[in-house]
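Residues per chain are reported as follows:
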Amino acid sequence: MPSPRVRFAPSPTGYLHVGGARTALFNWLFARKTGGTFILRIEDTDRERSTEEHTRVILDGLTWLGITWDEGPYFQGEYLARHRADAERLLAQGAAYRCFCTREELEAARGAAERAGQSFRYDGRCDRLPPAEVEARRARGMPFAVRLRMPDAELAWEDAVHGRISFQGRDFDDFIIFRSDGTPVYNLAVVSDDAAMRITHVIRGDDHISNTPKQIALYRALGQPVPVFAHVPMILGPDGKKLSKRHGATAVGDYQKQGILPLAMRNFLALLGWSPGGDREILSESEMIQLFSLEGIQKKPAVFDLTKLEWMNGQYLSMLPPAELRAPVLRHLAEMGIAAHGLDLDPVIDAVKARSRTLLDVARQVAVRLRGAPAELDPKAIQFVNKLGRTRYRENLERAARRLESLPDWSPAAIAAALATEAETSGQKLGDVMQPIRIALTGGTVSEPVDQLVAVVARAAGREAVLARLRNAAA
RNA sequence: GCCGCUAUCGUCUAGAGGCCUAGGACACAGCCCUCUCAAGGCUGGAACACGGGUUCGAAUCCCGUUAGCGGUACCA
């Protein structure tokens, strides 16, 4: 068996959609699993809406996800000559015919059918034109489109995810494969390209199922081998409708901006409509490749669950060393107006990442540790201060500052011991000593343990800054 | 309308006729840990759409119903 050749063929008319990204991912996993070739083809035949900017965003998105292609990107627009030649060959063989009906005539007929409550089907009138009439019209320069003569036969295939799917040729009308303006229609371009690129497995969205019988008819007419088809289910929004802009972020780039890690995104996408079987959730790249199979793909559509994506991102945040998080955190800090290049951020990131779900969460907490708490306190913090008493809050901060000042060793263990002693001597609960420090340093009631917090801020901003922040809050 | 696809906790899913009193994960609730919050651990509620078959036995196979989705273009 020859090694598989698969492709991802987005049209550059928008950003890289999560659905597209997942289709690309499945193609890539399949290629890596089978030792096949993954081809990228940009379907830019819709000149009106295609832009280079979109192409670049799609390429960047795939690269960000770690989805690498072996051939391409090819641009469909460059194969017009082959598309035309294929249409002409079909015409010469008698598998297709010229249709002189105008767009207006067709639309009128369709409108009439709809008003009569019937479905419109092209009746094949141009196929019944005498050859002499066809020649006469061509001689007059009358524009024509090319229609494929739909065979009255079963058009079925063994879908790799759905099993056998069968259509009847008579349920389709003779569809247009080549426009009167000299450009190919999608179905022809795709089949022509997939055949020329010797694609063996077409892995694409479920929304193409009803294109498949037309394409099979085209493969047969062209005398080309029919590839294996695998139709993967759609991705839905929380309301059960096809995922779209009104559900919020649908572009891969949006998630990058929100601080999702590419590994987490890819892992999450892989599990949306595919399961390795058993209870596996967090998968490394090699595990994913090893476990992947078309049979493991789900038949029904999946709802995109942002909460679970964020949970998974948190898992990756926990297990990744801070050095690998540094670069994106620096970018998020820069967006917040903080230039932190050159600083030793790793200990700060390390202290904070367990309490984060996104890189944005990490960056926000790092920012506080770097430049101090925001001016206004968190409501929960205010509540705590009121409960403890304003005076005691100040006193505790001042006493903590004095203790720390005279402490030579600012390791978390030494800090913890000093503050424990402080609580004991003043006869207070440990929390009443700790929490004011946390509030003074972060403005809120949530952080890593206070001993670590103090050590981390001291390292990032200096001991003097710690003492100043404590006394400042006490003032 | 017609053609096609699909149907297990709220969500992602495991499940290939007896292993199912239906398992895991997210989310939710409670407990433990604890200076706070996470993380982690434990516990709990929560599903085989419905109706017929086939079979000694059905979440699993067949038929129908219902519902959802996709397509029905000189869009991709």
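All of these numbers come straight from a predicted model, not from anything done at the bench.

### A look at the pairing of strand 9 (residues 201-205)
No. 1: For strand 9, the buried fraction is high: 5 of the 5 residues fall into the buried class.
No. 2: Sheet topology note: the strand 9/strand 10 (residues 228-232) ladder contains 5 bridges and is parallel. Looking at strand 10, one finds that V202 is bridged to F229.

### Overview of the protein's contact with RNA strand B
No. 1: With respect to spatial proximity, 63 residues lie near RNA strand B, and among them R103, R179, G273, K300 and R355 are the closest.
No. 2: When the atoms of RNA strand B within 4 Å of the protein are sorted by group, sugar and phosphate make up 72%.
No. 3: For RNA strand B, a sugar or linking oxygen lies 3.4 Å from a polar atom in the side chain of S11.
No. 4: Between RNA strand B and Q298, the relevant distance is 3.3 Å, taken from a phosphate oxygen to a side-chain nitrogen or oxygen of the residue.
No. 5: With 5 residues, the single largest contributor to the surface near RNA strand B is helix 18 (residues 430-442).
No. 6: For the surface near RNA strand B, the residue count by class is 21 nonpolar, 21 polar and 21 charged.

### Some words on the packing of aromatic side chains
No. 1: By the definition in use, this model includes 8 aromatic pairs.
No. 2: Relative to F292, the ring of F26 lies with its centre 5.6 Å away and its plane at 40°, an arrangement referred to as tilted. Of this pair, F26 sits in helix 1 (residues 18-34) while F292 is found in the loop between helix 10 (285-291) and strand 12 (302-303), placing the two residues 266 residues apart along the sequence.
No. 3: Owing to a relative accessible area of 0%, F26 belongs among the buried residues under this scheme.
No. 4: Centroid distance W157 to F229: 6.1 Å. Interplanar angle 70°. Geometry classified as edge-to-face. Remark: F229 occurs in strand 10 and W157 occurs in strand 6 (residues 154-159); sequence separation between them is 72 residues.

### Some details on the sheet that holds strand 8 (residues 176-178)
No. 1: Here we have 3 strands laid out as an open sheet, ordered 4-5-8, and antiparallel in their pairing. Across the chains shown, the open sheet's two edge strands, defined by having one partner strand only, are strand 4 (96-99) and strand 8. The mean angle between the axes of side-by-side strands here comes to 45°, regardless of whether they run parallel or antiparallel.
No. 2: Pairing analysis gives 2 bridges linking strand 5 (residues 145-148) to strand 8, with the strands arranged antiparallel. Paired with R147 across the bridge in strand 8 is I176.

### Points about the nonpolar core
No. 1: M265, L269, F304 and L333 are the most contacted members of the largest nonpolar core, which totals 70 residues.
No. 2: The element contributing the most residues to this core is helix 1, with 9 residues.
No. 3: Setting aside residues up to four positions removed in sequence, M265 forms contacts with V18, W64, L65, Y255, I260, F304 and L309.
No. 4: In this structure, A418, L419, L470 and A474 belong to the second largest nonpolar core, which totals 32 residues.

### Points about the environment of L407
No. 1: Within the element layout of this structure, L407 appears in the loop between helix 16 (390-405) and helix 17 (412-425).
No. 2: For L407, a relative accessible area of 15% gives the class buried.
No. 3: Sequence spacing of L407 and A418 is 11 residues, and the spatial spacing of their C-alpha atoms is 7.8 Å.
No. 4: Apart from the residues lying within four places of it in its own chain, the contact partners of L407 are A414, I415, A418 and R463.

### A few points about the pairing of strand 1 (residues 5-8)
No. 1: Covered by surrounding structure in strand 1 are R5 and R7 together with V6 and F8, the residues of both alternating faces.
No. 2: By the bridge criterion, 4 bridges tie strand 1 to strand 2 (residues 37-42) in an arrangement that is parallel. The residue of strand 2 that forms the bridge with F8 is L40.
No. 3: Read from strand 1 through helix 1 to strand 2, the crossover connection turns out right-handed.

### Details of the environment of L90
No. 1: Relative to the assigned elements, L90 resides in helix 3 (residues 80-93).
No. 2: Given a relative accessible area of 0%, L90 falls into the buried group.
No. 3: For the pair formed by L90 and V146, sequence separation is 56 residues and the distance between their alpha carbons is 9.2 Å.

### Quick look at the confidence of the model for chain A
No. 1: Looking at chain A, pLDDT values average 92 and 100% of them are 70 or higher.
No. 2: Within chain A, helix 4 (residues 103-115) has the poorest average pLDDT of any element, 83, and strand 1 the best, 97.
No. 3: Scoring of the predicted complex yields 0.93 for pTM and 0.94 for ipTM.

Scoring rules and cut-offs
Residues numbered from 1 in each chain as written. Chains lettered and ligands numbered in written order. Predicted model: local features only at pLDDT ≥ 70, side-chain atom pairs only at ≥ 80, totals over all residues. Heavy atoms only, no water. Buried < 20%, exposed > 50% of the residue type's maximum accessible area, 1.4 Å probe, protein only. Helix = DSSP H or I, 4+ residues; strand = E, 2+ residues; numbered from the N terminus. Pairing = 2+ DSSP bridges. Near = heavy atom within 4 Å. Polar contact = N/O pair within 3.5 Å; in protein donor to acceptor, adjacent residues only side chain to side chain. Nonpolar A, V, L, I, M, F, W, Y, C, P; charged D, E, K, R; others polar. Phe/Tyr/Trp six-rings, centres within 6.5 Å; stacked < 30°, edge-to-face > 60°. Axes fitted to C-alpha atoms, helices over the stretch in contact; angles between N-to-C directions. Core = buried A, V, L, I, M, F, W, Y, C linked by side-chain atoms within 4.5 Å. Contact = heavy atoms within 4.5 Å. Right-handed = clockwise from strand over helix to strand, strands pointing away. pLDDT = per-residue confidence, 0-100.

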